[in-house]
Amino acid sequence: MILEDLRVVNFRNYEDKLIHPDKKLTEIVGSNGIRKTNLLEAISLVCSGGSFRIKKDLNLIQEGQNWARIEANFDLDGRKEKRVIKLSLVLGSTEILTTKKLEIDGVNRLPSKRLLPIVIFEPDQMRMITEGPDLRRSYLDARIGFLDPIYVKNLTDYKRALAQRNRLLKLIKSGRGQKGDLFVWHVKLSELAAPIVARRKKYLQNLADGLQKDYQRISKKEDLVEVGYLPNFFREEQYKFSSEMFTKLESSVEKDILTGFTKIGPHRDDFKIRLNGKDAATGASRGEIRTMMLSLKLYEYEHLKTSFGIRPLVLLDDVMSELDKNRRRELLSFFGDAQVIMSGVA
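In short, a report on the structure. (Residues numbered from 1 in each chain as written. Predicted model: local features only at pLDDT ≥ 70, side-chain atom pairs only at ≥ 80, totals over all residues. Heavy atoms only, no water.)

## Describing the nonpolar core
- Within the largest apolar cluster, 61 residues are counted, with the highest numbers of intra-cluster contacts made by Met-245, Phe-271, Ile-273 and Leu-316.
- Considering every element that reaches this core, the biggest residue donor is helix H5 (residues 183–219), with 13 residues.
- In contact with Leu-316, other than residues within four places in its own chain, are Leu-40, Phe-121, Leu-332, Val-340, Ile-341, Met-342 and Ser-343. (Core = buried A, V, L, I, M, F, W, Y, C linked by side-chain atoms within 4.5 Å. Buried < 20%, exposed > 50% of the residue type's maximum accessible area, 1.4 Å probe, protein only. Helix = DSSP H or I, 4+ residues; strand = E, 2+ residues; numbered from the N terminus. Contact = heavy atoms within 4.5 Å.)

Pasting the structure below:
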C-alpha cells in the first residue's frame, strides 16, 4: 500500500501540516526539537487507530486547542481509500477525556476494527529484549492482537477477571470478603487462559523460524537465534491446561491473599531470545540487539503482507543514526518494494 498524502491539523506541535510522501522513500529530517516523530505517530493513528508512543490520546491534541484532525489518502494496491481521524476533548465527571472517531471514505468506522498493515521501528523498542517481561508480553500481545480480534477479546476478558480476583483477595485480607467467592473467578481465569497461552505459543513457534533466517540475512553471519516461550506453566492440551490452572489457583489462595495478587497465569509469562545459546538480554551487544529488532521487523513485514494481501507501510523512527551509508541502503533493500517513511536528525 502507498500513503499518497497526509494532513494533520492541531496535532501535537503542528497547526496545519501537509506532506506528500514519495512512493519509495521519504526522509523527515530536522533538529531534535522539531518532533519529527509526530508525523510517524499520526500515520500510526490513521492506520492502526492508536499511537505507538502513548496510551492516552489527550496529549495528541495541540495545547490550547480542543480538537485535532488527521487526514490520509491511500492507494491500497489499486483501491483508493481516504481515512480521517477526529480527536476531541470532552469534559467528564472528574477529568477531561478524549474521543476518537475514524471515517473511511466518509463512513464512521471503529478504529480497532479497520486496520491497515504498518511496521514501526523506533529505538526504544530495543528495551523489549533487554528489560523485563512486561515489555515482551506487550509486544507479543500487540502482534497477535493486530490480526486476531478473538485473541484481543480473550485477553481483555482475562484481564478483567484477573482484576476482580485481585480485588477480592484484598477484600478477604481486610476481612470484608469470602474465600468461597474466589471459585467463580478461578473457573473464569482458567478457561480464558488456555487459548491465550496456546495462541502465544503458536506465534512464537512461527517467529522462531523466520527470525533465524532474517537475522542471518542482515548480519551475514551463521549465528544461531532461538526463541523460547516461558509460560507460568504449560500443558499441550487446552482442557488439561485449564484443569491444572484451576487447581493451582485453588492451592495458591492463602499465599495470594497475603500479597493481594495472582501469581498463576499468562499475565506472568515471558519469552526469551537467545543468540548462540546465550540470553540476548545479557549476552548480546547493542549492535546485535539492534540487528535482532530489525529481524523482528522483517518478520512482521512478511507476516502482515501475507495476512493482508498488500504491502505494509514501514515507519522507521531515527534508526539510521548508527548506520553508515552502505548499511542504510542495505537495510532499506530488505523491505523490498515497500513504501518507507523514516525520521532522522539533519
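## Some points on the packing of aromatic side chains
- On inspection of all chains with the given rule, the structure shows four aromatic pairs.
- Both rings, one in Phe-146 and one in Phe-308, keep their centres 6.1 Å apart while their planes meet at 50°; by these two values the pair is tilted. Within this pair, whereas Phe-146 is found in the loop between helix H3 (133–145) and helix H4 (149–173), its partner Phe-308 is found in helix H9 (residues 286–308), the two being separated by 162 residues in sequence.
- Taking the relative accessible area as the measure of exposure, Phe-146 reaches 15% and is therefore buried.
- By relative accessible area, which is 28% here, Phe-308 ends up partly exposed.
- With centroids separated by 6.0 Å and ring planes inclined at 85°, the aromatic side chains of Tyr-203 and Tyr-299 adopt a geometry described as edge-to-face. With Tyr-203 in helix H5 and Tyr-299 in helix H9, the pair connects residues that are 96 residues apart, well separated along the chain. Of the two residues examined, Tyr-203 and Tyr-299, each falls in the buried class.
- When the ring centre of Phe-146 is taken as origin, the NZ or CZ atom of Arg-143, which lies over that ring, is 5.8 Å away. (Phe/Tyr/Trp six-rings, centres within 6.5 Å; stacked < 30°, edge-to-face > 60°. Lys NZ or Arg CZ within 6 Å of the ring centre and 35° of its normal.)

## Thoughts on the sheet that holds strand E4 (residues 67–76)
- Here we have six strands laid out as an open sheet, ordered E2-E1-E4-E5-E6-E7, and antiparallel in their pairing. Across the chains shown, the open sheet's two edge strands, defined by having one partner strand only, are strand E2 (14–19) and strand E7 (107–109). For this sheet the average axis-to-axis angle between neighbouring strands, irrespective of direction, equals 20°.
- With seven bridges joining them, strand E1 (residues 2–11) and E4 adopt antiparallel strand pairing. The partner of Asp-5 across the bridge, within E4, is Asn-73. (Pairing = 2+ DSSP bridges. Axes fitted to C-alpha atoms, helices over the stretch in contact; angles between N-to-C directions.)

## Focus on the layout of surface pockets
- By volume, the largest pocket amounts to about 2000 Å³.
- Lining the largest pocket are 50 residues, with Ser-51, Ser-138, Asp-141, Ala-142 and Arg-143 positioned closest to its centre.
- When residues in the lining of the largest pocket are grouped by element, the largest group, nine residues, is from H3.
- Partitioning the lining of the largest pocket into residue classes produces 20 nonpolar, eleven polar and 19 charged. (1 Å grid on protein atoms, 1.4 Å probe; cavity = no way out; pocket = protein on both sides within 12 Å on 5 of 7 lines; lining within 4 Å. Points joined across faces, edges and corners; volume = space filled by probe spheres on them. Nonpolar A, V, L, I, M, F, W, Y, C, P; charged D, E, K, R; others polar.)

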